[in-house]
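# Results of the structural survey
What follows is each chain in one-letter form.
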Amino acid sequence: LPNGRHGPLVSYVRECTRPTDRILADWFAPELPFFTGRGFAGGMLLFLRDHWSSSDNVELILERLHQQPVPVVFLRAGDTLLRGRFPAVWQYLQRNYRVAVRESHPSDERAEAYLILVDQRRAAVGVSSIKGLPCFR
């Protein structure tokens, strides 16, 4: 498992999601799907400027998000990429997810804070040993 700033995220996903669940992150973090063994949600390894932001691609992303179990989403706090370039995805997240925690990286003051969103349509079945976040196993 990785150390550093993504280590706790990996530990949380491994502890509190099913192997068949998917995760969504809005930054380039290939280590999350790799070390968690979870697929990336919506077919999106990352969201990058205008790449894949056409209406056809966004429709496909949303279709996949509807079909896939995605209990956890990681977003950079204050980032406006999804809101500005992928507004339909942003609205989907706003309707279906809630912020479970806003986290900064205590080991790196320069690193961006991030949000952990959880699917409010899926009942939690426990609490994580990591920051008391909800578990969805």
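Everything below is about the structure shown above.
Residues numbered from 1 in each chain as written. Predicted model: local features only at pLDDT ≥ 70, side-chain atom pairs only at ≥ 80, totals over all residues. Heavy atoms only, no water.

## Let's talk about the side chain of aspartate 21
As a reminder, the rule being used: The way it works is that DSSP assigns letters per residue, a run of H or I at least four long becomes a helix, a run of E at least two long becomes a strand, and they are numbered from the N terminus. Partly exposed describes any residue whose relative accessible area lies between the buried limit of under 20% and the exposed limit of over 50%, with all areas from a 1.4 Å probe on protein chains only and scaled to the type maximum. Here a polar contact is recorded for every N or O atom pair within 3.5 Å, except that within protein the pair must consist of a potential hydrogen donor and a potential acceptor, and residues adjacent in sequence are included only if both atoms are side-chain atoms. Note on definitions: a residue-residue contact is assigned when non-hydrogen atoms from the two residues lie within 4.5 Å.
The residue aspartate 21 is located in the loop between helix H1 (7-16) and strand S1 (22-25) in this model. Take aspartate 21: its relative accessible area is 2%, and that puts it in the buried class. Separated by 2.8 Å, the side chain of aspartate 21 and the backbone nitrogen of arginine 18 make a polar contact. A distance of 3.0 Å separates the side chain of aspartate 21 from the side chain of arginine 122, its partner in a polar contact. Setting aside residues up to four positions removed in sequence, aspartate 21 forms contacts with Arg38, Gly39, Pro69, Pro71 and Arg122.

## Quick look at the environment of leucine 32
Assignment of secondary structure puts leucine 32 in helix H2 (residues 31-36). For leucine 32, a relative accessible area of 1% corresponds to the buried category. With near-sequence residues (within four places) excluded, leucine 32 lies in contact with His6, Leu9, Val10, Ile23, Ala25, Trp27 and Phe74.

## Looking at empty space enclosed by the protein
The condition that has to hold: With a 1 Å grid laid over protein atoms only, a set of points is called a cavity when a 1.4 Å probe fits there but cannot get out and a pocket when it is open yet has protein on both sides within 12 Å along at least five of seven lines; lining residues have an atom within 4 Å of a point. Grid points are joined across faces, edges and corners, and a volume is the space filled by probe spheres set on the points. Any residue that is not Ala, Val, Leu, Ile, Met, Phe, Trp, Tyr, Cys, Pro, Asp, Glu, Lys or Arg is counted as polar, Gly included; the first ten are nonpolar and the last four charged.
A full pass over the atoms with the stated rule returns 1 cavity of 30 Å³ or more. The residue inventory of the lining of the largest cavity, partitioned by class, reads 10 nonpolar, no polar and no charged.

## Description of the sheet that holds strand S4 (residues 97-103)
Within a beta sheet, neighbouring strands are joined by backbone hydrogen bonds and run either parallel or antiparallel to one another. Stated formally: When DSSP finds two or more bridges between a pair of strands, those strands are recorded as paired. Helix axes use the C-alpha atoms of the stretch in contact, all axes being lines fitted to C-alpha atoms, and the angles between their N-to-C directions lie in the range 0 to 180 degrees.
Strand order in the open sheet formed by 5 strands is S2-S1-S3-S5-S4, and the pairing between neighbours is mixed. Every interior strand has two partners, whereas the edge strands, strand S2 (39-40) and S4, have only one. Bridging between S1 and S2 involves 2 bridges; their strand directions are parallel. Counted as the bridge partner of isoleucine 23 is phenylalanine 40 from S2. Here helix H5 (residues 87-96) sits on the sheet and contacts S1, strand S3 (72-76), S4 and strand S5 (114-119); the angle it forms with S4, its principal contact strand, is near 95 degrees.

Function cannot be read off these values alone, since they describe shape.
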